[in-house]
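Listed below are the residues making up each chain.
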Amino acid sequence: MTADVNKTAGPDATPPAGPEAIKAVPVRHPGRYVSAAVALALLGSVVYAFAQGKINWGAIPEYFFDDRILDGVVNTLLLTVLSMVIGIAGGILLAVMRLSKNPVTSSIAWFYIWFFRGTPVLVQLFVWFNLGLVFEYISLGPVYKDYWSSFMTPLLTALLGLGLNEAAYMAEICRAGLLSVDEGQTEASHALGMSHTKTLRRIVIPQAMRVIVPPTGNEVINMLKTTSLVSAVQFYDLFKEAQDIGQNAGSTVEMYFLAAAWYLIMTSILSVGQYYVERYYARGSSRSLPPTPLQRFKAAVLPTRRPKGVAV
């Protein structure tokens, strides 16, 4: 039957029609337009409200690079770095103590973390600042002796309050990073004759850094913002300087906006640094790293080079 049909069909015969092309109709999402309109309306109302307020916007660029503001920025960055150094060093020590099989050191580390994480930072700052009401002198034997009020300066108060509190949080971050490394790594190192300290330094900690670095970057950014609390103990950071200028110049709210702008600039810079640090420590866990924002920008803007010998 099939052979007869093929013989009768001539060369001009019309081929059988194929399946019709699928016409894909995109799904409509009217809710997206409604939510976008509502968000824009809310944003416009906020902008309009601030535009109608009695705000001297010219005071912000006038004092933005004032010497007192710049001194406050430097003090804020210095306090952030020193507090994080204390916090990271103390956190690593507390994490090792917490994981120790010695019940005394483990209990002391647990109590430290419990106490400093359970009390507000502002309360701790006031405690350090007002201990002069309890102790008239500070005595370290024949090494050092002085009045407590002279010893406990605003800078030292800020460092103790922020650094010791940060150590409690960094201890939990470091402990989580150390526990993320497989126990077989430690057993293999001990089998090769490496000491416990050398195993931590050469094997465990480098592998734990991939887990420790991301939350540590968040802690640095959080510490930068937390430094604004030290104005309560008379340390002249960015917030304290802006507050004093605002009270003297009659531009209190404007100086708060100025301080917020500086904090945004500093936290944005730290966020970029955090991204590249995380990318550096992710090399051992990913075969191919995702492109950086700069690489994606170049790929989108600059034309792609064609290999030689390929026709355009």
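Further up the page is the structure itself.
Nothing here was measured: the structure is a model prediction, and the numbers come from that model.

**Student:** Any details on the pattern of salt bridges? Residues and values, ideally.
**Tutor:** Inspection of every chain in the model, using the stated rule, returns 4 salt bridges. One salt bridge connects Glu 172 with Arg 175, and the closest N-O pair in it is separated by 3.0 Å. Of this pair, Glu 172 and Arg 175 both sit in helix 8 (residues 154-179), 3 residues apart, which is roughly one turn of the helix. What makes Arg 175 partly exposed here is its relative accessible area of 23%. Where Asp 244 meets Lys 240, a salt bridge forms, and the shortest distance between an N and an O atom there is 3.9 Å. With Asp 244 and Lys 240 both in helix 11 (residues 238-249) and 4 residues apart, this pair spans about one turn of that helix. For Lys 240, a relative accessible area of 10% translates into the label buried. Overlapping salt bridges, with partners in common, bring together Arg 117, Glu 172 and Arg 175 in one network.

**Student:** Just give me the short version of the packing of helix 10 (residues 196-226) against helix 12 (residues 252-281), but keep the residues and values in it.
**Tutor:** Helix 12 packs onto helix 10 with a crossing angle of 175° between their chain directions and a minimal axis gap of 10 Å. Taken together, the axes of helix 10 and helix 12 lie roughly antiparallel to each other. Together, Met 209, Arg 210, Val 213, Pro 214, Gly 217, Asn 218, Val 220, Ile 221, Leu 224 and Lys 225 of helix 10 and Tyr 263, Met 266, Thr 267, Leu 270, Ser 271, Gln 274, Val 277, Glu 278 and Tyr 281 of helix 12 make up the contact between the two elements. Taken together, the residues that form the contact of helix 10 with helix 12 break down as 11 nonpolar, 5 polar and 3 charged.

**Student:** Before we move on, could you go through helix 11 and cite the residues and values that matter?
**Tutor:** Taking 1.5 Å as the rise per residue, helix 11 with 12 residues should run 16 Å; its terminal C-alpha atoms sit 16 Å apart, in good agreement. Of the residues flanking the end of helix 11, it is Gly 250, one or two places downstream, whose phi is positive at about 70°.

**Student:** With reference to specific residues and values, describe unusual backbone geometry.
**Tutor:** A positive phi angle, near 65°, is found at Gln 234, a position not held by glycine. Of note, Gln 234 is situated in the loop between helix 10 and helix 11.

**Student:** Describe a nonpolar patch on the surface, naming the residues involved and giving the relevant values.
**Tutor:** There is a patch of nonpolar side chains on the surface, built from Trp 110, Phe 111, Trp 114 and Phe 115 and spanning about 470 Å² of accessible area. Relative to the helices and strands, Trp 114 resides in helix 5 (residues 103-118).

**Student:** Describe in detail the nonpolar core, supporting the description with residues and values.
**Tutor:** Core analysis: the biggest nonpolar cluster contains 21 residues, and Leu 79, Leu 162 and Val 230 have the highest contact counts within it. Within the residue set of this core, elements represented by two or more residues are helix 4 (67-98), helix 6 (121-129), helix 8 and helix 10. Once residues within four sequence positions are removed from consideration, Val 230 is found in contact with Leu 79, Leu 125, Ala 158, Leu 162, Phe 235 and Asp 237.

**Student:** Before we move on, can you summarise helix 5 with the specific residues and values?
**Tutor:** For helix 5, spanning 16 residues, the distance from its first C-alpha to its last is 22 Å, which sits close to the expected 22 Å at 1.5 Å a residue. Turning to helix 5, its buried residues are Ser 106, Ala 109, Tyr 112, Ile 113 and Phe 116. Buried residues of helix 5, viewed axially, fall in a sector of 125°; they line one side. Structural note: helix 5 exposes Pro 103, Val 104 and Gly 118 on the side pointing more than 90 degrees away from its buried face. Structurally, the start of helix 5 carries an N-cap: the backbone nitrogen of Val 104 is 3.0 Å from a side-chain oxygen of Asn 102.

**Student:** Requested: an account of the packing of aromatic side chains, with residues and values cited.
**Tutor:** The full count for this structure, using the stated rule, is 16 aromatic pairs. Ring geometry for Trp 57 and Phe 257: centres 5.7 Å apart, planes at 5°, overall stacked. Of this pair, Trp 57 sits in the loop between helix 2 (30-52) and helix 3 (59-63) while Phe 257 sits in helix 12, placing them 200 residues apart in sequence. With a centroid separation of 5.2 Å and an interplanar angle of 85°, the aromatic rings of Tyr 275 and Tyr 276 are classed as edge-to-face. By relative accessible area, which is 29% here, Tyr 275 ends up partly exposed. An aromatic cluster of at least three residues, connected via ring pairs, comprises Trp 110, Phe 111, Tyr 112, Trp 114, Phe 115 and Phe 116. Against the face of Tyr 137 rests Lys 145, its NZ or CZ located 5.3 Å from the ring centre.

**Student:** Can you tell me about the packing of helix 11 against helix 12, naming the residues and giving the values?
**Tutor:** At a minimum axis separation of 8 Å, helix 11 and helix 12 run at an interaxial angle of 160°. Classified by the angle their axes make, helix 11 and helix 12 are roughly antiparallel. When you trace helix 11 past helix 12, the crossing you get is right-handed. Mapping the contact onto sequence places Leu 238, Phe 239, Ala 242, Gln 243, Ile 245, Gly 246 and Gln 247 in helix 11 and Thr 252, Met 255, Tyr 256, Ala 259, Trp 262, Tyr 263 and Met 266 in helix 12. In the contact of helix 11 with helix 12, the residues fall into 10 nonpolar, 4 polar and no charged.

**Student:** Run through the side chain of Gln 274, naming residues and quoting values.
**Tutor:** Looking at where Gln 274 falls in the secondary structure, it is placed in helix 12. Taking relative accessible area as the criterion, Gln 274 reaches 14% and is therefore assigned buried. Leave out the neighbours within four places in its chain, and Gln 274 touches Pro 214, Gly 217, Asn 218 and Ile 221.

**Student:** Which residues make up the environment of Ser 189, and what are the values?
**Tutor:** Mapped onto the elements of the fold, Ser 189 is located in helix 9 (residues 183-191). With relative accessibility at 5%, the residue Ser 189 sits in the buried group. Ser 189 sits 13 residues away from Arg 202 along the chain, and the two C-alpha atoms are 9.5 Å apart. Contact partners of Ser 189, with chain neighbours within four places excluded, come to Met 194, Thr 199 and Ile 203.

Cut-off values and rules
Residues numbered from 1 in each chain as written. Predicted model: local features only at pLDDT ≥ 70, side-chain atom pairs only at ≥ 80, totals over all residues. Heavy atoms only, no water. Salt bridge = Lys/Arg side-chain N within 4 Å of Asp/Glu carboxyl O. Helix = DSSP H or I, 4+ residues; strand = E, 2+ residues; numbered from the N terminus. Buried < 20%, exposed > 50% of the residue type's maximum accessible area, 1.4 Å probe, protein only. Axes fitted to C-alpha atoms, helices over the stretch in contact; angles between N-to-C directions. Parallel < 35°, antiparallel > 145°, perpendicular 65-115°, else oblique. Contact = heavy atoms within 4.5 Å. Nonpolar A, V, L, I, M, F, W, Y, C, P; charged D, E, K, R; others polar. Expected span 1.5 Å × (residues − 1). Patch = residues over 30% accessible without salt bridge, like charges linked within 9 Å, V, L, I, M, F, W, Y side chains within 5 Å. Areas by Shrake-Rupley, 256 points an atom, 1.4 Å probe, with all protein chains shown as cover. Core = buried A, V, L, I, M, F, W, Y, C linked by side-chain atoms within 4.5 Å. Arc of directions from axis to C-beta. Polar contact = N/O pair within 3.5 Å; in protein donor to acceptor, adjacent residues only side chain to side chain. Phe/Tyr/Trp six-rings, centres within 6.5 Å; stacked < 30°, edge-to-face > 60°. Lys NZ or Arg CZ within 6 Å of the ring centre and 35° of its normal. Left-handed = near helix turned anticlockwise from the far one by under 90°.

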